[in-house]
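# Survey of secondary and tertiary structure
Residue-level listing of the chains:
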Amino acid sequence: SHLLGTDALGRDVFSRLIYGGRLSLWIGVTAALVSTLAGIVVGAVAGYYGGFIDSALMRFVDLMLAFPSIFLLLIVAAMLDGITVTNIIFFLGLFGWMWLARVIRGEFLSLKNREFVEAARSIGAADVRIILRHMLPNVIGPIIVTFTLDIALFMLAEASLSFLGFGVQPGTPTWGNMLNESRTQYLTKPLLAIAPGLTLTIAVLAINFVGDGLRDALDPKAAKG
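The text that follows walks through the structure, step by step, so that each part is easy to find. (Residues numbered from 1 in each chain as written. Predicted model: local features only at pLDDT ≥ 70, side-chain atom pairs only at ≥ 80, totals over all residues. Heavy atoms only, no water.)

Taken as a whole and assessed by the stated rule, the structure comprises three aromatic pairs. Where F60 meets W97, the ring centres are 6.0 Å apart and the plane angle is 25°; that geometry is what we call stacked. Taken as a pair, F60 in helix α2 (residues 51–66) and W97 in the loop between α4 (85–94) and α5 (98–111) lie far apart in primary sequence, 37 residues in all. What makes W97 buried here is its relative accessible area of 4%. Where F91 meets F95, the ring centres are 5.1 Å apart and the plane angle is 35°; that geometry is what we call tilted. Residue F91 is classed as buried on the basis of its relative accessible area of 11%. (Phe/Tyr/Trp six-rings, centres within 6.5 Å; stacked < 30°, edge-to-face > 60°. Helix = DSSP H or I, 4+ residues; strand = E, 2+ residues; numbered from the N terminus. Buried < 20%, exposed > 50% of the residue type's maximum accessible area, 1.4 Å probe, protein only.)

Here we take up the pattern of salt bridges. Under the criterion given, the structure shown has four salt bridges. In this structure, D62 engages R59 in a salt bridge whose closest nitrogen and oxygen atoms are separated by 3.0 Å. On the criterion of helical spacing, the pair formed by D62 and R59 is a turn pair, its members being three residues apart in helix α2. Take D62: its relative accessible area is 27%, and that puts it in the partly exposed class. For the salt bridge of R121 with E118, the shortest nitrogen-to-oxygen distance reads 3.1 Å. Of the two residues, R121 and E118 both sit in helix α6 (residues 115–122), three residues apart, roughly one turn of that helix. (Salt bridge = Lys/Arg side-chain N within 4 Å of Asp/Glu carboxyl O.)

What follows concerns helix α1 (residues 13–49). In a regular helix each residue adds 1.5 Å, so 37 residues correspond to 54 Å; α1 covers 53 Å between its end C-alpha atoms and thus fits that length. Following α1 by one or two positions, G50 has its phi on the positive side, about 60°. (Expected span 1.5 Å × (residues − 1).)

Below you can see the structure in the form of structure tokens.
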């Protein structure tokens, strides 16, 4: 009646694996959405306007890259007396957008002086319309690739935090805290660690393959090649 057996408390491992996968995927996708939106906004504004705005935003990006995010999470955990799923999502999302912002900024710097952008300016198109309708579709490839990679990265990050005891609390199953709970039974019941670990590995690989496929399908330069 239990495909993967039960844990030390008699809970069905297969059921917890499915439920934990749903939560792990939810954290990965929503954190990637937060990260992608922040990266698009900062990178587009910095690359389009340039000058002082670009310099100020890029220095802020440098500051965020140099900030020890793990220590901040420990401080937040101490202040809030625990970490919730919402806190993990926003924490991962708000500390994972910097590389995408740099990529989009570089693309926008090369696009803002192109003929189609100058044509849009000449007919009086607003800056927001130029950014959203004319420039952003030309960087959809890097955005899709980064978004899918972020999903996999944030799933691994959540699993790492949960394994260390700073992620989702053990009462709610995720693949990370299932690994954490199986630490004392690695030798006697290795399946308790193999099942969530192998599932997480397969999910991350699958997401990366999907990202590569979408990039090849939607990147106009790759399509022409």
